[in-house]
Amino acid sequence: MNIRELISNYRNEVGKGNLAPQRAAEILTELSSIMGTILDEIQGCEMKYNKFLLKCYDSEQKANRAKIVAEISPEYEAMRTAKNTLKVVEEMIRALKYLLRALEEGYRQAGN
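None of the values given here were measured: they were computed from a predicted structure.

1. Overview of the overall build of the chain
Check the secondary structure of the chain and you find four helices and zero strands. When the helices and strands of the chain are placed in sequence order, the string is α-α-α-α. Expected size for 112 residues packed as a compact globule is a radius of gyration near 13 Å; at 20 Å, the chain overshoots this value by more than 25%. Expressed as lengths along the three principal axes of its C-alpha atoms, the size of the chain is roughly 70 × 25 × 20 Å.

Following this line, the structure appears as C-alpha cells:
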C-alpha cells in the first residue's frame, strides 16, 4: 500500500464519523509522521520539474510557451499531486486536532 492509498483509507475512516478518541489520536500521529515523507517527495518532484522547465526554456523561443509545455509534463503532475496530498494531510490533521479538543472539552464538562 502506498502513501496515497493509506491517506485515502484514513480519510474514509475519519469521514465516516464516530471515531474513538484513541483511534483519532493514532491516525493523527500516523499522519504527522507521513508529512515528512510527503515533504521529501515534494522536494524531489520540484527539483525534477525545475530541471525539466529549464530544458523547456532552452528549447522554446518564448518563456510563456516553455512554461505551458512544462506544466503538461509528468514532472509537473507529480509535483502537483504531492502538493495536493500534503494539503489533504494538513486538513485531516486540523480536523483530528479539533475533534480531539472537542472530545476533551466534552469529557471535562461531563466530569463537572
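2. Structural notes on the state of the cysteines
Within the structure shown, the criterion is met by zero disulfides. Cys 45 takes part in no disulfide bond, and the closest cysteine sulfur, belonging to Cys 56, lies 16 Å away. For Cys 45, a relative accessible area of 10% gives the class buried. The exposure class of Cys 56 is buried, given its relative accessible area of 4%.

3. Focus on unusual backbone geometry
The backbone of Asn 18 sits at a positive phi, close to 55 degrees, despite the residue not being glycine. In this structure, Asn 18 sits in the loop between helix H1 (3–16) and helix H2 (21–59). Residue classification places Asn 18 among the exposed positions, given a relative accessible area of 83%.

4. Side note on the pattern of salt bridges
Considering all chains together, one arrives at nine salt bridges under this definition. Measuring nitrogen to oxygen at the nearest pair gives 3.1 Å for the salt bridge that ties Glu 71 to Lys 67. Its salt-bridge partner being Arg 108, residue Glu 104 comes within 2.8 Å of it at the nearest N-O pair. Of this pair, Glu 104 and Arg 108 both sit in helix H4 (residues 74–111), four residues apart, which is roughly one turn of the helix. For Glu 104, a relative accessible area of 45% corresponds to the partly exposed category.

5. A word on the nonpolar core
Membership of the largest hydrophobic core comes to 16 residues, with the highest contact counts inside it found for Ile 7, Tyr 10, Ile 27, Leu 31, Ile 38, Val 89 and Leu 96. Going through the elements one at a time, H1, H2 and H4 are the ones with two or more residues in this core. With seven residues, the single largest contributor to this core is H2. With seven residues, the next largest nonpolar core counts Cys 45, Tyr 49, Cys 56 and Ala 70 among its residues.

Calculation criteria
- The residue numbering used here restarts from 1 in each chain and proceeds along that chain's sequence as written.
- Local features in this predicted model are restricted to residues whose pLDDT is 70 or higher, and side-chain atom pairs enter the listing and the counts only when it is 80 or higher, whereas totals over whole chains, interfaces and linings include all residues.
- Each side-chain value is derived from all of the structure's non-hydrogen atoms; neither hydrogens nor water enter the calculation.
- Put simply, DSSP marks the helices as runs of H or I at least four residues long and the strands as runs of E at least two long, and each gets a number from the N terminus on.
- Based on C-alpha atoms, the radius of gyration is set beside the globule rule, defined as 2.2 Å times the residue count to the power 0.38.
- Here, a disulfide means two cysteine sulfur atoms that sit within 2.5 Å of each other.
- When a residue's accessible area, from a 1.4 Å probe over protein chains only, is under 20% of the maximum for its type it is buried; when over 50% it is exposed; and in between it is partly exposed.
- Salt bridges are defined as contacts in which a side-chain nitrogen from Lys or Arg sits within 4 Å of a carboxyl oxygen from Asp or Glu.
- Nonpolar cores were defined as sets of buried Ala, Val, Leu, Ile, Met, Phe, Trp, Tyr and Cys residues, with membership established by side-chain atoms within 4.5 Å.

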